[in-house]
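# Architecture at a glance
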Amino acid sequence: QVQLVESGGGLVQAGGSLRLSCSASGRTFSSYVMGWFRQAPGKEREFVAAIRKSGGMTYYADSVKGRFTISRDNAKNTVYLQMNSLKPEDTAVYYCAVKDNDYYSDYDERGYAYWGQGTQVTVSS
């Protein structure tokens, strides 16, 4: 059974940093695109970042570009999201996900088959 478990969320002041981790089990995901999405209260879930299997190609939402960095450790079946210069508008539940097809772009959540339970990130002003 595939399981994704996020950790690292919490409360931080604006300008601070957090590092999210997502540990995958039940399958080796080294050949899959892994991504992070977030959902703020009252809003739809949105794409944050994605990383290709080799780790060489990464993609970011414009709102986080230059502040967030996605990385992965295939040996540990883990993907990370380093979040710097956090803003109150980054407050959301953050989800990691694994993409299992090429029908959708890496930005589109419809292409992601496996999801974690989410971790709350709250940025105070």
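Each remark here, short or long, concerns the structure printed above.
Summary of the structure given here. Bear in mind the structure is a predicted one, so any value in this text is a computation, not a measurement. (Residues numbered from 1 in each chain as written. Predicted model: local features only at pLDDT ≥ 70, side-chain atom pairs only at ≥ 80, totals over all residues. Heavy atoms only, no water.)

## A look at the overall build of the protein
To keep it simple, the criterion reads: Only DSSP runs of H or I reaching four residues or more are called helices, and only runs of E reaching two or more are called strands; each is numbered from the N terminus. Only protein chains enter the calculation, and the probe is 1.4 Å; a residue is then buried if its accessible area is under 20% of its type maximum, exposed if over 50%, and partly exposed in between. Contacts between residues were defined by any pair of non-hydrogen atoms, one from each residue, lying within 4.5 Å. With residues, only the protein chains shown are counted as cover, and all accessible areas are computed by Shrake-Rupley using a 1.4 Å probe. Positive charges come from Lys and Arg, negative ones from Asp and Glu, while His and the chain ends are left out of the count. Think of each charge as sitting on NZ of Lys, CZ of Arg, CG of Asp or CD of Glu.
Scanning the protein from terminus to terminus reveals 0 helices and 11 strands. For the protein, the α and β elements follow one another from N to C terminus as β-β-β-β-β-β-β-β-β-β-β. C-alpha extents for the protein along the principal axes are approximately 40 × 25 × 25 Å. When the 125 residues of the protein are sorted by exposure, 45% land in the buried category. For the protein, contacts bridging at least 24 residues in sequence account for 57% of all contacts bridging at least 6. A total accessible area of about 6400 Å² is found for the protein, and carbon and sulfur atoms account for 44% of it. Computing the positive centroid from 14 side-chain charges and the negative centroid from 12, the protein places the two 4 Å apart.

## A closer look at the nonpolar core
Our working rule: By nonpolar core is meant a set of buried Ala, Val, Leu, Ile, Met, Phe, Trp, Tyr and Cys residues that side-chain atoms within 4.5 Å join together.
Grouped together as the largest cluster of nonpolar side chains are 35 residues, with contacts concentrated most on W36, L81, M83 and Y94. Breaking this core down by element, the ones donating at least two residues are β3 (18–25), β4 (33–39), β5 (46–51), β6 (58–60), β7 (68–73), β8 (78–83), β9 (92–99) and β11 (119–124).

## Here's the deal with the packing of aromatic side chains
For any two aromatic rings, the description comes down to two numbers: the centre-to-centre distance and the angle of the planes. In plain terms, the rule: Each aromatic pair joins two rings of Phe, Tyr and Trp (for Trp, the six-membered one) with centres within 6.5 Å, and gets the label stacked for planes under 30 degrees apart, edge-to-face for over 60, and tilted for any other angle. Two conditions define a charge located above a ring, namely a distance within 6 Å from the ring centre to NZ of Lys or CZ of Arg, and an angle within 35 degrees of the ring normal.
For the coordinates displayed, the defined rule picks out 8 aromatic pairs. The interplanar angle of 55° and the centroid separation of 5.1 Å between the aromatic rings of F37 and W115 together place this pair among those described as tilted. Placement of the pair is F37 in strand β4 and W115 in strand β10 (residues 112–115), with a sequence separation of 78 residues. Since its relative accessible area comes to 25%, W115 is described here as partly exposed. Each residue in the set F37, F47, Y59, Y107, Y112 and W115 is aromatic and connected to the rest through ring pairs, giving one cluster. Just above the ring of Y95 sits the side chain of R45; from NZ or CZ to the centre is 5.4 Å. Taking NZ or CZ as reference, R45 lies 3.8 Å from the ring centre of W115, over its face.

## A short note on the sheet that holds β8
Using the following cut-off: Two strands pair under a simple rule: DSSP has to find at least two bridges between them. Fitted lines through C-alpha atoms serve as axes, helices being fitted only where they are in contact, and the angles separating the N-to-C directions of these axes extend from 0 to 180 degrees.
Spatially, 4 strands are ordered β1-β3-β8-β7 in an open sheet, and the strand pairing comes out antiparallel. Strands with a single pairing partner mark the edges of an open sheet, and in this sheet they are β1 (3–7) and β7. Across the sheet, the mean angle from the axis of one strand to that of its neighbour is 15°, orientation sign disregarded. Bridge count between β1 and β3: 5 bridges; the pairing is antiparallel. Looking across to β3, one finds that S7 is bridged to S21.

## Observations concerning the pattern of salt bridges
Convention followed: The term salt bridge refers to a side-chain nitrogen of Lys or Arg lying within 4 Å of a carboxyl oxygen of Asp or Glu.
The tally for this structure, following the rule as stated, stands at 9 salt bridges. One salt bridge connects R52 with D106, and the closest N-O pair in it is separated by 3.1 Å. Note that R52 is positioned in the loop between β5 and β6 and D106 in the loop between β9 and β10, a separation of 54 residues in sequence. The class for D106 is buried, based on a relative accessible area of 5%. With a closest N to O distance of 3.1 Å, K65 and D62 form a salt bridge. Residue D62 is classed as exposed on the basis of its relative accessible area of 66%. It is possible to trace a salt-bridge network through shared partners that takes in R38, E46, R67 and D90.

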